Every structure is written in C-alpha cells, then in structure tokens.
Amino acid sequence: MENAYKARVEPVVLKKLRILNKRIKLTEDEHRYYLNQEKGFQGEVQFDVLTEKLQRDCHILNDLQLESNKSRFQLDSSLIFQETYSLFDIKNFEGEYVYDSEYFKTLSGKEFQNPLDQLKRSKLLLSQLLQSLGSKITVEAYVIFINPQFTLFQTPPNLPFILPTQLDQFMKKLDQKSSRLNQSHKNLADKLISLHQLDPPKFQLPAYKFETMKKGMTCCKCDSFSVTIVGHKLICDRCGCQELVTVAVMRHVEEFKLLFPEQKITTNVIRDWCGIVDSRKRISRILGKNLKITGVHQWTYYE
Ligand SMILES: [Zn+2]
C-alpha cells in the first residue's frame, strides 16, 4: 500500500457549487457544470483507490496544476517510478461513444473533444518542465476511462487509452515495473509540489446573495431540507439520518463561511441561515462552545 505523496483534496469550487445547488436555482449551464465537476472528481477519487493499492516503489502525486513555457496544465494523477513518470488524465465518461480523430461522438451525434489532444499537450509541457528541472525521467501518458459503463466504438488499438475493461490488467502491469526510488525522486516530487499553483480555475461561480438564498438546515447524507429537531438530534424525514444538533449547526456554519468568507459569524446570521433552530440561546451556546467569542452584547461575533 502506497499513501499519496500529494493527496487529493476536494476543490473549493466543487464544495461551493454543492451548497449553491441546494440553496439557489442554478441555470442549466451552471447545473451541468456542477454535475461535470462532481463526476470528474468522483472519477479521480476512484482512480486514487487503484493507485494506492500499488505495491511498487513509487510516489503518487494527485492533482498538480503546473506551468511550463507560460502555459498552464493540469495532471489529474501522476506516478513517479525509478525510470518513468506516468501521468494520467482521468475521464469519467458514461455511455456509448464513437471514436473519431477529432471528436468523440455520442450515438445521438453530440461531439466532445478527443481527450488525446489534451493528453498530448500535458505530456509535452510536462516533458519540457522536467527537462528544465534537469530530470532525465521518461514521461508516459495515458487517458484512463474509469467508468465501467463507458464504451468507445472504433478505437484504434495503439492509442494511450485505458478502457474500463483493460484497467485491471493495466494496473497489474504498472505494479510489475522494477522501481527503486532514491533521494532524487523525492526531490523531484517536492519540487513539483512546490510549483503547484493553487489559484482556482477560471469558471465564474453563479451569483448569489444571502438574502435570496434558501435558508434552513439540510441532512448531512441526502441534502434534504425536510429535517426535524428532536431533543439533541436533527433527524432527516427522508432518509432517517440522525445528527447531533451541535454538529449540524457547525456544519452549516462551515457552509456559511465558505460562501461568505468576509462576513462576521453572529448568532442572528446563523439563526437565519439554519432557519429551523428558532432559539437564539441555543445557537449562541453552540457557537460559543465551538468558536472564539469576540466583542460584547450586540457586537458579539465568533471566529
Ligand atoms: Zn437525509
């Protein structure tokens, strides 16, 4: 078992979109974008499960955003072996597609960019970056189609595509590479992590305002607003999930902080946000227990 040298974290954009999807009406485009982000992330997480099972000596680097020759590129997943740097672009496509050198087409005729273009670009940019860092490691690049419900008709056999039916075999082959890492591999991994760029992708989040958002508490499992407080517990009327009210309120404070990082956390704001906890006392007790209190009386807020 190999733990990731650089672990994957949930993108902030995705976290925000999840909350917005519950609390405002997304446009069709925004909603599609949100679902794609969600699906893409889930696909990457599924591939992480496979790389972490590898027994070979390798460094796993998940989600690197790098720059080379002034061009940004993103590597969903990378494995540094002794002689090779394997990079993976993970696609969570579902359904039947037809291969075409320019486009992937669905049977209904919808066209998607051939992932090979992006892969070639990433491979080239990474090779140039590694060269500039003085590394002589060979770059291998693959598109991983992670979804078992994906079929690609008319795929030429020599493409660096790993289809769902080939994935098992492919992972076994990776695990047979002879590989012994030394300090230079660790230095390379550290260098790439230091070059990783954190600033978010260009997508503009949907516009939102506290006043017009849907308020209320939601279930931690199924996101339903149909929840009831019984004693110390928040109970979901839809899935039956139970959560301590304290934990649930703090979960909603986290949501609020993510969407409104500039705003002060006050009892009134959180009571409005949570909707169903009508007691100010209860909210202020929970906030007081979990956050640092600043100010007095009506100027009190929490950090
Ligand atoms: Zn539920």
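Anything mentioned here points back to the structure above.
Analysis parameters
Residues numbered from 1 in each chain as written. Predicted model: local features only at pLDDT ≥ 70, side-chain atom pairs only at ≥ 80, totals over all residues. Heavy atoms only, no water. Pairing = 2+ DSSP bridges. Helix = DSSP H or I, 4+ residues; strand = E, 2+ residues; numbered from the N terminus. Axes fitted to C-alpha atoms, helices over the stretch in contact; angles between N-to-C directions. Contact = heavy atoms within 4.5 Å. Buried < 20%, exposed > 50% of the residue type's maximum accessible area, 1.4 Å probe, protein only. Donors = N, O, S within 2.8 Å, 3.2 Å for Na, K, Ca; no water. Tetrahedral: all angles 85-135°; square planar, octahedral: opposite > 155°, others 65-115°. Polar contact = N/O pair within 3.5 Å; in protein donor to acceptor, adjacent residues only side chain to side chain. Phe/Tyr/Trp six-rings, centres within 6.5 Å; stacked < 30°, edge-to-face > 60°. Lys NZ or Arg CZ within 6 Å of the ring centre and 35° of its normal.

Caption draft 1: The sheet that holds strand β11 (residues 233-236), seen in detail. One open sheet holds the 3 strands; their spatial order is β10-β11-β12, and the pairing between them is antiparallel. Of all strands in the sheet, those with a lone pairing partner are β10 (227-230) and β12 (242-244), marking the two edges. Neighbour-to-neighbour, the strand axes of this sheet turn through a mean angle of 25 degrees, independent of strand direction. For β11 and β12, the ladder comprises 3 bridges, and the chain directions are antiparallel. Bridge pairing in β12 links Ile-235 to Gln-242. Helix α6 (residues 245-259) rests against β10, β11 and β12 of the sheet, and its axis sits at about 85 degrees to β12.

Caption draft 2: Local environment of unusual backbone geometry. Phi at Asn-69 is positive, roughly 50 degrees, even though this residue is not glycine. Mapping Asn-69 onto the fold places it in the loop between β1 (59-68) and β2 (71-80). Using a relative accessible area of 58% as the deciding quantity, one classes Asn-69 as exposed. Unusually for a residue other than glycine, Lys-70 sits at a positive phi of about 65 degrees. Following the sequence through the fold, Lys-70 ends up in the loop between β1 and β2. On the basis of relative accessible area, Lys-70 is assigned to the exposed category, the value being 78%.

Caption draft 3: The coordination of the zinc ion, seen in detail. Looking at the zinc ion, one finds its protein donor set to be Cys-219 (SG), Cys-222 (SG), Cys-236 (SG) and Cys-239 (SG), positioned 2.3 Å from the metal centre. Coordination geometry of the zinc ion: the 4 donor atoms subtend angles of 104 to 118 degrees at the metal centre, consistent with an arrangement described as tetrahedral. Along the chain, the residues that donate to the zinc ion are spaced as C-x2-C-x13-C-x2-C. Highlighted residues: Cys-222 in the loop between α5 (183-195) and β10 and Cys-236 in strand β11, separated in sequence by 14 residues.

Caption draft 4: Summary view of the side chain of Lys-177. Structurally, the position occupied by Lys-177 is in the loop between α4 (167-174) and α5. A polar side-chain atom of Lys-177 sits 3.2 Å from a polar atom in the side chain of Thr-84.

Caption draft 5: The arrangement of the pairing of β2 in detail. A large share of β2 lies buried, amounting to 7 of its 10 residues. Examined bridge by bridge, β1 and β2 share 9 bridges and lie antiparallel to one another. Across the sheet, Asn-62 pairs through a bridge with Ser-77, a residue of β2. Linkage of β1 to β2, two consecutive antiparallel strands, is achieved through a turn of 2 residues, within which Asn-69 is found at a positive phi near 50 degrees. Bridge analysis of β2 against strand β3 (residues 84-91) gives 4 bridges, and the strand direction is antiparallel. Paired with Ile-80 across the two strands is Tyr-85, which belongs to β3. Counting the residues that bridge the hairpin from β2 to β3 gives 3 residues.

Caption draft 6: Quick look at the sheet that holds strand β7 (residues 138-145). Taking strand neighbours across the sheet as the criterion, the 5 strands line up as β1-β2-β3-β7-β9 in an open arrangement whose pairing is mixed. One side of each edge strand has no neighbouring strand; the edge strands of this open sheet are β1 and β9 (161-162). Across the sheet, helix α3 (residues 115-132) touches β1, β2, β3, β7 and β9, and the angle it forms with β2 is around 85 degrees.

Caption draft 7: Broad picture of the packing of aromatic side chains. Scanning all chains against the criterion turns up 25 aromatic pairs. Measuring from ring centre to ring centre gives 5.4 Å for Phe-93 and Tyr-97, while their planes differ by 25 degrees; the resulting arrangement is stacked. By the burial criterion, Phe-93 is buried, and Tyr-97 matches it. Note on Tyr-142 and Phe-170: the rings are 4.8 Å apart at their centroids and 65 degrees apart in plane angle, and the pair reads as edge-to-face. Of the two residues, Tyr-142 is situated in strand β7 and Phe-170 in helix α4; the sequence distance between them amounts to 28 residues. A relative accessible area of 19% places Tyr-142 in the buried class. For Phe-170, a relative accessible area of 10% puts it in the buried group. Pairwise contacts between aromatic rings join Phe-93, Tyr-97, Tyr-99, Phe-104, Phe-112, Phe-145, Phe-150 and Phe-161 into one cluster. The aromatic ring of Phe-210 is capped on one face by Lys-215, whose charged end is 4.6 Å from the ring centroid. The ring centre of Tyr-301 lies 4.6 Å from the NZ or CZ of Lys-264, which sits over that ring.

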